[in-house]
Each structure stands twice: as structure tokens, then as C-alpha cells.
Amino acid sequence: MKIGFIGLGNMGSPMAANLAAAGHDVTGFDLVADCPEGVSKAATVTDAATGADVVITMLPNGAILRAVAADIIPVMSKDAAFVDCSTVDVESARAVADDAIKAGLLAVDAPVSGGVGGASGGTLTFMAGGSDAAFAKAQPLFDIMGQKAVHCGPSGNGQAAKICNNMILGATMIATCEAFALADKLGLDRQSMFDVVSTSSGYSWTMNAYCPAPGIGPQSPADNGYKPGFASELMLKDLRLSQQAAEAVNADTPMGERATALYASFVENEGGKGTDFSAMLPRFEKKGRG
Ligand code: NAD
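Just so it is clear, the model here is predicted, and its values are computed rather than measured.

Q: Help me understand the overall build of the chain in this model?
A: Summing up its helical and strand segments, the chain has twelve helices and nine strands in all. Computed over the C-alpha atoms, the radius of gyration of the chain is 20 Å, within 12% of the 19 Å expected from 2.2 N^0.38 for a compact globule of 290 residues. Expressed along its principal axes, the backbone C-alpha trace of the chain runs to roughly 65 × 40 × 35 Å. Burial statistics for the chain: of 290 residues in total, 50% are counted as buried. Considering only contacts in the chain between residues 6 or more positions apart, those separated by 24 or more positions represent 63%. Summed over its atoms, the accessible surface of the chain is roughly 13100 Å², and 55% of this surface lies on carbon and sulfur atoms.

Q: Could you clarify how one ought to interpret the packing of helix H1 (residues 12–21) against helix H6 (residues 132–145) in this entry?
A: Between H1 and H6, whose axes approach to 9 Å, the crossing angle comes to 105°. For the element pair H1 / H6, the angle class is roughly perpendicular. Of the residues in H6, those in contact with Met-15, Asn-18 and Leu-19 of H1 are Leu-141, Ile-144 and Met-145. Looking at the contact of H1 with H6, its residues break down into five nonpolar, one polar and no charged.

Q: What should I look at first to understand the packing of helix H4 (residues 90–102) against helix H7 (residues 157–185) in this one?
A: Two packed helices can be described by the angle between their axes and the distance between those axes. Two elements in contact, H4 and H7, have axes separated by 8 Å at closest approach and are oriented at 165°. Considering their axes alone, H4 and H7 lie roughly antiparallel with respect to each other. Like other packed secondary-structure pairs, H4 and H7 cross with a definite hand, here right-handed. On H7, the residues touching Val-90, Ala-93 and Arg-94 of H4 are Asn-157, Gln-159, Ala-160 and Ile-163.

So, how was this worked out
Residues numbered from 1 in each chain as written. Predicted model: local features only at pLDDT ≥ 70, side-chain atom pairs only at ≥ 80, totals over all residues. Heavy atoms only, no water. Helix = DSSP H or I, 4+ residues; strand = E, 2+ residues; numbered from the N terminus. Rg over C-alpha atoms; globule rule 2.2 N^0.38 Å. Buried < 20%, exposed > 50% of the residue type's maximum accessible area, 1.4 Å probe, protein only. Contact = heavy atoms within 4.5 Å. Areas by Shrake-Rupley, 256 points an atom, 1.4 Å probe, with all protein chains shown as cover. Axes fitted to C-alpha atoms, helices over the stretch in contact; angles between N-to-C directions. Parallel < 35°, antiparallel > 145°, perpendicular 65-115°, else oblique. Nonpolar A, V, L, I, M, F, W, Y, C, P; charged D, E, K, R; others polar. Left-handed = near helix turned anticlockwise from the far one by under 90°.

Here's what the structure looks like:
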């Protein structure tokens, strides 16, 4: 396929490289970043999209996605697919998909889970929203860039799945970290805490697979000085998107709201920026109740 790839940052660059390595004809565009090996560079964003069977975007936020979409939708070939893999607000995802469909294109919102490691290794999980035909057109590309693609329903549902998952993740990480810090103060050693919780009803992905306590459980960013991993500021971005969506549909999400406030304070006032999101544990260690 002829693929236009727009946004070649930490995630987009290895994703585009994997598509090129699989034999696709990939043309990339980024305002700043260079193209990875195998990807030819377009001079403008519209050049990257013109004549492509599929255009993939991997951009920082919904406002940038909307601006790029306004530029490229008019030049895309009829029946081409616009596949957005960025994490953006549900409203922007649905607005861009509407515009694309009105222009005779197929549209998929397909945010990812798996981070930079998953992007490089081609093991991402895609959560996709769009018509059956749009999903079918994008699926062979998801199979190259990832290990799993779930079709979650119509446009916007990929973003909805992503922020619901990450709202659980943020709240669960905080619950795991505060419980470790409480256990410390109660004189319960961390290995015992892990051995019990990881095999009891408090188990979770954050405890069992990504334990925030160094030296306990499987290897995780905690064993590497809390280098990301999944950066705290990206967790905050996703939590804020979850609260924006909750407000839009009048959903009561008190745990998500509290998790958003805690990560906001951690990232903006407590030195958490640039650390893995599990660095909430040393934060709780240092704090009392006040
Ligand atoms: P990044 O900042 O490294 O990359 C974004 C790229 O977009 C940059 O290279 C930037 O120059 C480019 N860009 C910005 N505006 C542009 C424009 N108008 N035209 C062309 N290029 C433009 O970010 P990233 O880590 O690659 O993340 C991309 C998306 O994936 C985000 O929405 C993020 O939330 C999501 N995501 C990231 C991770 C992760 O672990 N990094 C995991 C899952 C999802």
C-alpha cells in the first residue's frame, strides 16, 4: 500500500519504520523530526497525503489533529482511509471522522497501548473506532505495527476505550502506591506485601506486572530509577482526557477525578515530570496525611 505517515515522534517513527520494513511504500512528514530508515520524506503535509491509500497520523493532541485533518482531507484520494493513532479527546476524534466521511473517505480512530517499546517491537494494541469497512482496510497495517487490534464500534469508540482503560490504570497505580506506603509505616515488609496482594483480591496489573516497589516482583521502571516507561505527564494527559469526556456526558468519576488531581500536583508541583508514573510510590513515602 501507499501510506502517508504524519507525526514521526517517539511513537510514530518506529511505527512508520515497521510499515516500511514490511514492504509498504511509506512517505512521512513531521514539522521537526527526521524520517526513519526506509521512509521517504515529503516536503509538506499535503504531499504526504496526496495519492495515499492510507494516511496515518500520530500527533500530540486533538487541536493539532484537527488542523492536520483540515489540511489533508481535501487532497486525499476518494476511498482512502484516514487512520488516527494519536491519543486525543473523543470529540475531536468524532469531528475529524465526520469530516473525513463527508469527503468520501474511510475513517478510523485507533489509539494505542504499549508505549515506545511496543511501537519499536511491533507489539502495540490498537483500540479502533469506525465502520467495518474502515477497520478492515486498516487491519493489515495494525497487524504489522501491533499484536492485537480490537474493533470497539463506531468513530470515537477507540478513544473512549483508551481513556477508560487509562483511568483505571491511573487510579489503580495510586491505590497500589498508597497501600505500599501504608504497609511501610505499619512495619509490613514489601516482599510480604507483594506475596500476599499479588495472589489475593487486591491483585492488579500495577501490582503483579509493573510493581512500583524497586526489587519486588518482575522488572519494572521502579528497578531503573523510575525512568519511563510510561511518563507521569502522559498519564496526566490521559486522565485529563477522561475527565473532559466524563464532563461531556455527565458521568460521575470520583476516582478518576482524584487520580487526575494527584497526578497534576505530582507533575506540576512535586517534581514528577519525566519520571515513570509508578514514581507515585516515593512520593507517598515522603508524605504524611497533612
Ligand atoms: P512525540 O511528541 O514524540 O511525537 C509527536 C510528533 O508530532 C512530533 O515529532 C512533532 O514534531 C509532530 N508534530 C506536531 N505537530 C505536527 C504537525 N502539525 N504536522 C506534523 N507533525 C507534527 O509524541 P509521541 O510520544 O510519539 O506520542 C504521539 C501520540 O501517541 C500522543 O497522542 C500520545 O499521547 C500517544 N501515545 C504515546 C505513548 C508513549 O508512550 N509515548 C503511548 C501511547 C500513546
